[in-house]
Amino acid sequence: MLVERAVAGDQRAFELLVIKYQRRIERLIARMVRDVDLVEDIAQETFIRAWRALHQFRGDAQFYTWLYRIAVNTAKKALMDLKRHPTASGGASSSGDDEDETYRRENEQTTEETPETELAAREIAQAVNAAMEALPDDLRQAVTLREIDGLSYEEIAEVMACPIGTVRSRIFRAREAISARVRPMLEHQSGKRW
C-alpha cells in the first residue's frame, strides 16, 4: 500500500519506505563499497534515484528487489568514479560490521564459552570474512544477497540482472570457495564444541 501511494506521488509514503529499507540498503552498499564515509552518500543517492524513477516501477517485482537493483547500480557507479578519481574520498575503509545483525559483540556471553572456543570462533569468522573479501564481486554479491539478506534465487536474479541458473552457479561457487578456506579450520577443531 505504501508503494502504491508513493507511486501516486505521496512523498510521506516514500519517506516511510526509506525508513523501512534504509538499513538494509546501507548494509548492502557497505559490503560493496567498504568505505564508511561513502555508504550514507550512496544510500542517499540510491533513494533519490528511486524517487525520480518511481513512476517506472511496474510492480512486476517486489519493491525492495527493485530498490536493491538501484542501490547496486549506484554503488557500482560510485566505485567506477572512485577508480577514475581516487582522491575523491579520503575516508577510512571499514566493513561496518557493528551495524550488521551477524556481528557478535565482544561482551556477549554464550553458553559453554571458553577462551579456546572464543578464539576458534573468532578465527573462523576472520577466515569467512577473508574468503568473502577474496571472492570476485559477482560471487560475493550473490552469496551476500542469499545468505545475509535472505533474498530468493528469483529475487537475486532480478537484482543482479542475470538468469537464475547463473545465480545458482555463483552462489555454489562462492560457497565452495568459502568452504575450502574454512574446512581445514573446522577439521582442526573437530570434537570441540564452540
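Per chain, residues are indexed from 1 in the order of the written sequence. pLDDT decides what is reported in this predicted model: residues at 70 or higher carry local features, side-chain atom pairs at 80 or more are listed and counted, and totals for whole chains, interfaces and linings draw on all residues regardless. Heavy atoms from the whole structure form the basis of all side-chain values; hydrogens and water molecules are not counted.

K.L.:
Before we move on, could you go through the pattern of salt bridges and cite the residues and values that matter?
P.N.:
Take a side-chain nitrogen of Lys or Arg and a carboxyl oxygen of Asp or Glu: if they are within 4 Å of each other, that pair is a salt bridge. Using the criterion set out here, one finds seven salt bridges in the structure. Close ionic contact of arginine 140 with aspartate 137 constitutes a salt bridge, the shortest N to O distance being 2.4 Å. With arginine 140 and aspartate 137 both in helix α6 (residues 137–147) and three residues apart, the pair spans about one turn of that helix. Burial classes follow relative accessibility: with a 1.4 Å probe on protein chains only, a residue under 20% of its type's maximum area counts as buried, one over 50% as exposed, and anything between as partly exposed. For arginine 140, a relative accessible area of 10% translates into the label buried. The partner of aspartate 138 in a salt bridge is arginine 170, with the nearest N and O atoms 3.5 Å apart. Pair noted here: aspartate 138 is in helix α6 and arginine 170 is in helix α8 (residues 164–188), with a separation of 32 residues, a long-range link. On the basis of relative accessibility, which here comes to 16%, the residue arginine 170 falls in the buried class. A helix here means a DSSP run of H or I that spans at least four residues, while a strand means a run of E at least two residues long, and both kinds are numbered starting from the N terminus.

K.L.:
Help me get a handle on the packing of helix α4 (residues 63–84) against helix α7 (residues 153–160), residues and values and all.
P.N.:
Angles here are taken between N-to-C directions and fall from 0 to 180 degrees, while the axes themselves are lines fitted to C-alpha atoms, restricted in helices to the stretch in contact. The N-to-C vectors of α4 and α7 enclose an angle of 40°; their axes lie 8 Å apart at closest approach. Once α4 is placed against α7, the crossing between them reads as right-handed. Along the contact surface, α4 presents Tyr64, Thr65, Tyr68, Arg69 and Val72, while α7 presents Glu155, Glu158, Val159 and Met160. Residues that form the contact of α4 with α7 fall into these classes: five nonpolar, one polar and three charged. For any helix crossing, the convention is left-handed if the near helix is rotated counterclockwise from the far helix by under a right angle, and right-handed if that rotation is clockwise. For this analysis, residues touch if any pair of their heavy atoms sits within 4.5 Å. Residue polarity follows a fixed list, in which Ala, Val, Leu, Ile, Met, Phe, Trp, Tyr, Cys and Pro are nonpolar, Asp, Glu, Lys and Arg are charged, and the others, Gly among them, are polar.

K.L.:
Before we move on, can you summarise the confidence of the model for the chain with the specific residues and values?
P.N.:
Residues of the chain with pLDDT of at least 70 account for 81%, and the chain-wide mean is 79. Per-residue pLDDT, averaged within each element of the chain, yields its smallest value for helix α5 (residues 115–134) (79) and its largest for helix α3 (residues 36–53) (90). Each residue carries a pLDDT value, the predictor's own confidence for that position, ranging from 0 to 100. Segment residues 88–111 is flagged for pLDDT under 50; beyond a separation of four residues in sequence, or across chains, it makes 32 contacts in the model.

K.L.:
Help me get a handle on the nonpolar core, residues and values and all.
P.N.:
Counting residues in hydrophobic clusters, the biggest one holds 43 residues, and the most contacted among them are Phe14, Tyr21, Ile25, Ile29, Phe63, Trp66 and Leu145. Considering every element that reaches this core, the biggest residue donor is helix α2 (residues 11–33), with 11 residues. Residue contacts for phenylalanine 14: discarding those within four places in its chain leaves Ala6, Phe47, Ala50, Trp51, Leu54 and Phe63. The term nonpolar core refers to a set of buried residues drawn from Ala, Val, Leu, Ile, Met, Phe, Trp, Tyr and Cys, joined through side-chain atoms within 4.5 Å. Of all hydrophobic cores here, the second largest spans 10 residues; its members include Ile124, Ala127, Met132 and Val143.

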